[in-house]
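Descriptive structure summary
These are the residues of each chain, in order.
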Amino acid sequence: MLAYVIRRVAGTIPVIILISLLVFMLVQAAPGDPADLLLSDEATAEDVADARARWGLDQPVWVQYWKFLTAALQGDLGTSFRYADPVLTMIAERLPATIELAVVSIIIAVVIAVPLGVWAGARPNSWIDNLGSLVGLFGISMPNFWFGIMLILVMSGILNLLPSSGRDTYGIAGDPITGFYLLDSVIKGNWRGLWDGLAHIAMPAIALGTNMMGILMRVTRSSVMEVMHEEYVTTARAKGVSERAVLWHHVVRNALVPIVTVVGLELGTLLSGSIIVETVFSWPGSGQLLISAITSRDYPLITGTVLTYTMAFVIINFTVDILYAAIDPRIRFDK
Amino acid sequence: MVMSPTIGAPGLRRTFAVTVAALGMFAAVTSGHAQSRVAVGVTETISSHNPHGDSISMGYGIWCQVYGCLGTYDFEKGDYVGMLAERWEVNKDNPNEWIFHLRKGMKRHNDGKELTAEDVVHSINRMAKDPQTRQKQNVRNVTDVVALDKYTVKVVTDKPTAPLLEYLFDRVMITGKDLWAKHGARDADRKYPWGWGPYKLKELVIGQRIVLEKVKDHPDAKPQNPDVLIFRIMREPEQRVTALLNNEIQIAQFVPPHLAPRIEGSGNAAIKSTNSVELMFLAMSPKNKPWDNKQLRQAVCHAINKDAIIKAVLQGQAQRLDGPIGPGQYGYDPEATETMKIPYDPEKARQLVKQAGLSGTEVTLYTPVGRYVNDKQVTEAMIPMLNAIGLKATLATPEWATLWADVQKGKVPFYYMGRGSVVDPSVALSQYFETGGSPRIGISDPEIDKHLRAEREIFDPEARKKELNKAFAAIVEAAPACFMWRHRLLYGVSKKIEHTPTPSGRVFGVDIVVKN
Amino acid sequence: MTSSTISPEAAVAVPTLGTERASRIPKVLRPWLKPKIIAGGSIVALLVVMGLLAPAISPFDPNKQNLLSAMQAPQWLAGPHVLGTDHVGRDILSRIFYGARISLVIAVTVVVISGAVGVGLGAISGYFAGKIDFMIQKLVEVIWAFPPLLLAIAIMAFFGQGLGILIVALVAQRWIPYCRVARGQALSLRTRDFVDAARSLGARDGRIIVKHILPNLMQAAMVIGTFAMATAIISEASLSFLGLGVPPHIPTWGGMLADGRAYISTAWWLALFPGLCIFFTVLGINLLGDGMRDIFDPRLKRSGQGMG
């Protein structure tokens, strides 16, 4: 196992280098010039040339890449063209907001979808299955932006229950400790801040979680249905094990592999920031950062952000694989 | 698609209700409290702590009230007014020399240091030299800045520059020379954003909000102005409107025309409108076939039914342009503009296309999506109008960065776009229509060049306006662009406050009155 | 016999239809006559027919604008514009009909291609495990980390635009979920008795994958597929805004939905009807898939209680 872990960790280095090279080439090849996009409408050709020289864009791509790579190995991802801040600091500032939102929406999705999916899968074609499937399919076919705006219109507009955007109300949270508002509020015992944080995160988390809930519910259902017909389930039942025990001990455990896979995938997507939901709710996370970096062709920021995401995926995939082995001892990677 | 039933799950809803009850603070943020707060829902974010680090209109307004700037354009008076500068004049013998007299006794936030000429000299030099500035072009014509005494600054330009105030006012933020010297550029902006404006910076969360607090003893700050002014970035129009009606924010920037009735009908907020200073136009680049044909360009201008589009697609919330500029912009002359008017006349347009021998020509109209009010809808409506005069038009909606890069290089033959911040049209027109101005349209017309060059060197306002109008007429005649309209910018304003929006899009705390 | 303890409703409900018609319907067709297959089949057929017959059944030219009658609410059967008009006065019903063409083509091709690629690679990755798995999963990490927007812009820059390129742009990342899920299951399947049995009988790897692994991956793939179908239709719109793929004058459901976004609170019909179409597509495909699963699922047969 240890050898396997070492191999996995070592194996990520080429992935990181490869992706940095790919991103570097792609952003440079994409049409649009950061100097045109970031300077004022009234900038002259001279101003543009100055900016390009300052950003190192006047040098050949391979020189730029080499500079980037050597700096990156020393932990420096460069300086954003647009914000003039170190890329690493910027990502570190934005990432907690994104992680917080991702975690809350995953929790919402899992808590609703898994029990519903297990129930539906255990009783296919029952009313709970049909209702659950309908809800799941709604979740799947609901565009994020539409649902987000509907939430704002209903929860903030008609019911006037929740704040329509942002992450907190000015003046309540106080200075950050970890950068995760909910966690910070708990640490500080700032209950008003905790409520404020929860009220702000509720709608974006639901908007993000609903889609995932739909797919997770369907995956759980199909996976449970499949396992229900396995011989060991029949055997357990024949041995007189109670229906509930059969369901939760034998069936769910064996149905977990696809569920864990999907949660891992979705977590990865969410960490890369849901651009639409972050924009709709003015959530100051990394998705917004990335979209503004792409639309203004802020090369260092794009590269840095994508590299961060790659690391996140590598870690998530690794965790998922470990979980596989824990769930199903028959699964082995080290051979 | 109905709302998913899970959302209304009773457990969740109860939690929210408790949440809100516990908070009890979304309402009544304005009056009645010890500290009055006004929040403004805006669409764009400031992206940098550097006061010259952005080139967005809202940013100028925010920094201007924090650091302070020399002056601004007062749209009500139709003239420039001083802020940190008390008065200014041009040397009669040498039109390259401008003298600015500063207000005396201005105290800086936090440490009370007085504003001096040295700070102004430093700020203008900084704008030219700081690598992070995006405002360098505004001081390009400035060759020298000198402090004549503690309160007097001399600015020297390389050639007579009548529109100099347009470059300096609102754009040059006056930052402290001593702070910069002591803490360095980076820390001065981030940790010591102290200025001489009526509000000081409390918090800047890029992409979420900017919080300003009133400087109570500032000479411009009045007790009825909000104590705290918050700019909240809210990109969705529905969200700004909802937040306004909930009293989460008190001013909603850029309300789309079709949402205006919701605000008007609510009773607790009203719509205030102002004409934007952004010119919307259809550009036709003569460097590209078939747009080298003047008749075709003129035909297109006759083909577009501006009034119908304004009425149906823009819900009446735009002002038609008959020349390059409209009322309130520098040099506008209603009589002269009347002669430039190109009426909607599809029959004449069809004849022009036929005469040019271009019937059946395929043309592609490029438009950004979501950058200007209803941009895609507007251009969609133009397509049948272009087809009606014998062209075969299609619409293309490229990604903004790609489109803008191509426009900058002069590679887009036919596009719908806007030019913002046009108060004095001199710079914008030269940029788009003068030979060598920029490749965006790439027309080269001696008549246009002649008038544009001439107007820049005339200091007498009346004579300059005359010359400007000759330039306008020449541009309309050559038709490298059809001028469409200026959007009417709609602001939702809560009835708990008084605020009149300005065409520049800037929101100054000292212009807001919180009612009791 | 197991189903009677777990799901009495299913055991009762399904045979009813079977017995009623058993005598009149040929035996081959009988398993297909289930409420789910019939309902799902009709929905899908209806949508396909809508697209095919669009020119014949559309009351208006889908691109015919009329600024004077813009944003009219649905008139149902009381007026010419049954489902109302959009922001430039185009008839929504006609655009829905025409929109079915591109949207369904995109949905189906993207799902089929990315499903085939993803499940195939996932099965190989999971079955062989070890080095092959390692390589394929590294590829997955590289591709999944790419921001879709950036990828789309880059693809457009290199290959120009067109429907084919649009499909490529969508497939480029959409195969990943299939691949991850299929691999997870294949990792577990490869150690099962029936695979070992096949191997000991001398079956080659290729045959084992096709005969024993792939059939067991289909159900999860189906679930991802229906999800992917919805996202493909919706993201078509966002990619069109980047100038990639379908030009704005061709009606698509995704494009209509995106146009309607600005008018959600004032003219709900702009976004609602295309949204419903996407929902019904997903619903129809799901019902069909569920129904067919009962017929084809290997394990249902194995345990001797296939419900047909």
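Residues numbered from 1 in each chain as written. Chains lettered and ligands numbered in written order. Predicted model: local features only at pLDDT ≥ 70, side-chain atom pairs only at ≥ 80, totals over all residues. Heavy atoms only, no water.

**Here's the deal with the overall build of chain B**
A tally of helices and strands in chain B yields 16 helices and 20 strands. Computed over C-alpha atoms, the radius of gyration of chain B comes to 25 Å, within 12% of the 24 Å expected from 2.2 N^0.38 for 516 residues, which places it in the range of a compact globule. By its C-alpha atoms, chain B is 75 × 70 × 40 Å across when sized along the principal axes. With 516 residues in all, chain B has 62% of them scored as buried. Sequence-distant contacts in chain B: of pairs separated by 6 or more residues, those separated by 24 or more amount to 68%. Counting 67 positive and 58 negative side-chain charges, chain B places the averaged centre of each group 5 Å from the other. (Helix = DSSP H or I, 4+ residues; strand = E, 2+ residues; numbered from the N terminus. Rg over C-alpha atoms; globule rule 2.2 N^0.38 Å. Buried < 20%, exposed > 50% of the residue type's maximum accessible area, 1.4 Å probe, protein only. Contact = heavy atoms within 4.5 Å. Lys, Arg positive; Asp, Glu negative; His and termini not counted. Charge placed at Lys NZ, Arg CZ, Asp CG, Glu CD.)

**Topic: helix α11 (residues 346–355) of chain B**
Residue and element names in this part refer to chain B. Restricting attention to buried positions, one finds in α11 the residues A349, L352 and V353. Each buried residue of α11 sits inside an arc of 100° when the element is viewed along its axis, so together they form one side. More than 90 degrees from the buried face of α11, the exposed residues found are K354 and Q355. Those residues of α11 hidden inside the fold are in contact with α8 (294–303). (Arc of directions from axis to C-beta.)

**So, the domain arrangement of chain B**
The domains assigned to chain B are domain 1 (1–49 + 197–268 + 495–516), domain 2 (69–185) and domain 3 (279–487). For domain 1 of chain B and domain 3 of chain B, the distance between their C-alpha centroids amounts to 36 Å. (Domains from an automatic or database assignment.)

**Some details on the packing of aromatic side chains**
One pass over the structure, following the stated rule, counts 28 aromatic pairs over all chains. Between Y372 of chain B and Y416 of chain B, the ring centres sit 6.5 Å apart and the planes meet at 80°, which makes this aromatic pair edge-to-face. With Y372 of chain B in the loop between β15 (362–366) and α12 (375–387) and Y416 of chain B in strand β17 (residues 414–419), the pair connects residues that are 44 residues apart, well separated along the chain. Considered together, Y372 of chain B and Y416 of chain B belong to a single accessibility category, that of buried residues. With a centroid separation of 5.1 Å and 80° between ring planes, the pair formed by Y127 of chain C and F128 of chain C is classed as edge-to-face. For F128 of chain C, a relative accessible area of 32% gives the class partly exposed. Among the aromatic residues, those joined into a cluster by ring pairs are Y73, F75, Y80, W88, W98, F100, F169 and F459 of chain B. For R167 of chain A, the ring lying beneath its charged end belongs to Y181 of chain A, and the centroid distance is 3.8 Å. A cation over a ring is seen here: R371 of chain B above W400 of chain B, with NZ or CZ 3.8 Å from the ring centre. (Phe/Tyr/Trp six-rings, centres within 6.5 Å; stacked < 30°, edge-to-face > 60°. Lys NZ or Arg CZ within 6 Å of the ring centre and 35° of its normal.)

**Considerations on the interface of chain C and chain A**
The interface of chain C with chain A comprises 63 residues on the first partner and 74 residues on the second. Between chain C and chain A lies a buried interface of about 6200 Å² when both sides are counted; carbon and sulfur atoms form 69% of it. For the pair chain C and chain A, the number of links is three salt bridges. The closest approach of N and O atoms between R183 of chain C and D321 of chain A, which form a salt bridge, is 2.9 Å. At the boundary of chain C with chain A, the tally comes to seven residue pairs in polar contact (both at pLDDT 80 or more). (Buried area = accessible area lost by both parts, 1.4 Å probe. Salt bridge = Lys/Arg side-chain N within 4 Å of Asp/Glu carboxyl O. Polar contact = N/O pair within 3.5 Å; in protein donor to acceptor, adjacent residues only side chain to side chain.)

**Describing the nonpolar core**
V251 of chain A together with I92, I96, I213 and W253 of chain C are the most contacted members of the largest nonpolar core, which has 124 residues in total. For this core, the element with the highest residue contribution is helix α9 (residues 191–228) of chain A, accounting for 18 residues. In this structure V251 of chain A touches V224, V227, M228, V233 and V246 of chain A, once residues within four positions along its chain are discounted. (Core = buried A, V, L, I, M, F, W, Y, C linked by side-chain atoms within 4.5 Å.)

**Considering the interface of chain B and chain A**
Each partner contributes to the interface: chain B provides 63 residues, whereas chain A provides 67 residues. Taking both sides of the interface into account, the surface hidden between chain B and chain A amounts to around 5900 Å²; carbon and sulfur atoms contribute 57%. Run the count over chain B and chain A and you get six salt bridges. For the interface between chain B and chain A, the tally reads 24 residue pairs in polar contact (both at pLDDT 80 or more). Looking at the side of chain B that touches chain A, the elements with two or more residues in it are α1 (10–23), α5 (177–191), β8 (199–205), β9 (209–214), β10 (228–233), α6 (237–245), α13 (400–408) and α14 (426–433) of chain B. It is α1 of chain B that contributes the most residues to the side of chain B that touches chain A, eight residues altogether. The residue inventory of the side of chain B that touches chain A, partitioned by class, reads 26 nonpolar, 18 polar and 19 charged. (Nonpolar A, V, L, I, M, F, W, Y, C, P; charged D, E, K, R; others polar.)

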